[in-house]
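In case you want the letters, here they are:
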Amino acid sequence: MSASAVFILDVKGKPLISRNYKGDVPMSEIEHFMSLLMQREEEGALAPLMSHGRVHFLWIKYSNLYLVATTLKNANASLVYSFLYKTVEVFSEYFKELEEESIRDNFVIVYELLDELMDFGFPQTTDSKILQEYITQQGNKLETGKSRVPPTVTNAVSWRSEGIKYKKNEVFIDVIESVNLLVNANGSVLLSEIVGTIKLKVFLSGMPELRLGLNDRVLFELTGLPGSKNKSVELEDVKFHQCVRLSRFDNDRTISFIPPDGDFELMSYRLSTQAKGQFKKQSVANSVEISVPVPSDADSPRFKTSVGSAKYMPEKNVVIWSIKSFPGGKEYLMRAHFGLPSVEKEEVEGRPPIGVKFEIPYFTVSGIQVRYMKIIEKSGYQALPWVRYITQSGDYQLRTS
């Protein structure tokens, strides 16, 4: 069982638009959502799922909107949340900025999209590129005897249109990794993991089949390549785009697929590994942002930095130290002075960790590599793939106590 109905509410909880998919939950139940939300906030027990009787509200907040799905028991919560976030992605593709005003200005298109995104409570066509072929912001005039549904919806390869042609065939590959790290005051690593994604930008003619090879440890063990154990990585929690042939990957770890046109995320993965010490000294971190928590009653901030700039954000109770470029092996200093009306509040609030965000181009912490990419197409053209590696900080935290 999935969603019974989907609502889009403004920031005050007033319904802007809704779609009833199954009819088994009264639409009036949404009137209880905002009161439940405020009650949970007051109790400090706010949760992404709230219940009123037998009806469950699964919700997310985006900008000044609430997207709420109602359902009865035995619903697949993961499926519903994935659908809500996918709905946000599709609306953002259509309207650039998803907010209350864009919903009010595009009621007809929003209702059409809700009609196509889900059928009888189950997600259907959620690819914005395919939806844009037959749901346009200019609208479509109905022509007698002609179908509005494009071939891609009923095609075996629904994510790619036929007859695509380019003068220059190119493939761009981005390997992006985020490091989630928790370090205590002594420098010991308490938590370490790497979350990665491989994104493609495809400009290829026809209906090509691509085969991507990584330095996957399981693949190396299957093929028995000599001396490859130290150069391989063990991927966990691998998630693929729908275009990937999963049976082929299960059999011989080959990532074979017919790609969508343009930008898309091919796969994501996770590695539970020790990230400390794997950054090279010659690496340069760009767009460094260090968040230093301060007590909520701090005032009169003064800063002095050896490089970059510091800014106090009282709404978040943090000092943000921004550094454009941070070369390896360098040490920089920031001094901050605050007035503290009381010293007792620190014991109540505790000491949140210091957060660090950064980006290191042309480098991956895990050591993952794209070994090859083969392009198979009837016309026999060839395209050279361009590969770029990027490491970003995901949740990089330092505990001060």
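Residues numbered from 1 in each chain as written. Predicted model: local features only at pLDDT ≥ 70, side-chain atom pairs only at ≥ 80, totals over all residues. Heavy atoms only, no water.

A.B. asks: An account of the overall build of the chain is requested, with residue identities and associated values reported.
C.D. replies: Looking only at helices and strands, the chain has 9 helices and 21 strands in total. In the chain, buried positions account for 42% of the 401 residues. Considering only residue pairs separated by 6 or more positions, the chain has 68% of its internal contacts joining residues 24 or more positions apart. As displayed, the chain offers around 22,700 Å² of accessible surface, 50% of which is attributable to carbon and sulfur atoms. (Helix = DSSP H or I, 4+ residues; strand = E, 2+ residues; numbered from the N terminus. Buried < 20%, exposed > 50% of the residue type's maximum accessible area, 1.4 Å probe, protein only. Contact = heavy atoms within 4.5 Å. Areas by Shrake-Rupley, 256 points an atom, 1.4 Å probe, with all protein chains shown as cover.)

A.B. asks: An account of the sheet that holds strand β5 (residues 65-71) is needed here, citing residue identities and associated values.
C.D. replies: An order of β2-β1-β5-β4-β3 is seen for the 5 strands of this open sheet, with the pairing classed as antiparallel. Looking at the sheet topology across the chains shown, the edges are occupied by β2 (15-20) and β3 (49-52). Looking at each pair of strands side by side, their axes are set apart by 20 degrees on average, direction ignored. Examined bridge by bridge, strand β1 (residues 5-10) and β5 share 6 bridges and lie antiparallel to one another. Within β5, the residue paired with Val 6 across the bridge is Ala 69. Together, β1, β3, β4 (55-62) and β5 form the strand contacts of helix α1 (residues 33-43), whose direction differs from that of β3 by roughly 120 degrees. (Pairing = 2+ DSSP bridges. Axes fitted to C-alpha atoms, helices over the stretch in contact; angles between N-to-C directions.)

A.B. asks: Describe the sheet that holds strand β10 (residues 209-214), naming the residues involved and giving the relevant values.
C.D. replies: Taken in spatial order, the 3 strands line up as β12-β10-β20 in an open sheet, and their pairing is antiparallel. This sheet does not close on itself; its edge strands, each paired only once, are β12 (255-257) and β20 (370-376). For this sheet the average axis-to-axis angle between neighbouring strands, irrespective of direction, equals 15 degrees. Bridge analysis of β10 against β12 gives 3 bridges, and the strand direction is antiparallel. In the strand pairing of β12, Arg 211 is matched with Ser 256.

A.B. asks: Please set out the environment of Val 387 residue by residue, giving values where relevant.
C.D. replies: Along the polypeptide, Val 387 turns up in strand β21 (residues 385-398). Along the primary structure Val 387 and Asp 174 are separated by 213 residues, whereas in three dimensions their C-alpha atoms are 6.0 Å apart. Excluding residues within four positions of it along the chain, Val 387 makes contact with Ile 173 and Val 370.

A.B. asks: Could you give me a rundown of the pairing of β3, with the residues and numbers involved?
C.D. replies: Consecutive side chains along a regular strand alternate between the two faces of the sheet. For β3 and β4, the ladder comprises 4 bridges, and the chain directions are antiparallel. Within β4, the position partnered with His 52 by the bridge is Val 55. The hairpin turn running from β3 into β4, its antiparallel successor, is 2 residues long, and Gly 53 in that turn takes a positive phi close to 70 degrees.

A.B. asks: I'd like to hear about the nonpolar core, residue by residue, with values.
C.D. replies: Judged by nonpolar contacts, the single largest core of 52 residues is most densely connected at Leu 200, Ile 255, Phe 257 and Leu 266. Both of domain 2 (170-276 + 363-399) and domain 3 (284-339 + 351-361) provide at least three residues apiece to this core. Leu 16, Ile 17, Tyr 81 and Leu 114 belong to the second-largest nonpolar core, a separate cluster that totals 31 residues. (Core = buried A, V, L, I, M, F, W, Y, C linked by side-chain atoms within 4.5 Å. Domains from an automatic or database assignment.)

A.B. asks: Describe helix α2 (residues 77-95), and please don't skip the residues or the numbers.
C.D. replies: Turn by turn, an α-helix covers 3.6 residues, leaving residues three or four places apart pointing in a common direction. Counted at 1.5 Å a residue, the expected span for α2 with its 19 residues is 27 Å, and the 27 Å between its end C-alpha atoms agrees. Restricting attention to buried positions, one finds in α2 the residues Val 80, Tyr 81, Phe 83, Leu 84, Thr 87, Val 88, Val 90, Phe 91, Ser 92, Tyr 94 and Phe 95. Its side-chain oxygen 3.3 Å from the backbone nitrogen of Ser 78, Asn 76 forms the N-cap of α2. One or two positions beyond α2, positive phi appears at Lys 96, with a value near 65 degrees. (Expected span 1.5 Å × (residues − 1). Polar contact = N/O pair within 3.5 Å; in protein donor to acceptor, adjacent residues only side chain to side chain.)

Nothing here speaks to function; it is geometry throughout.
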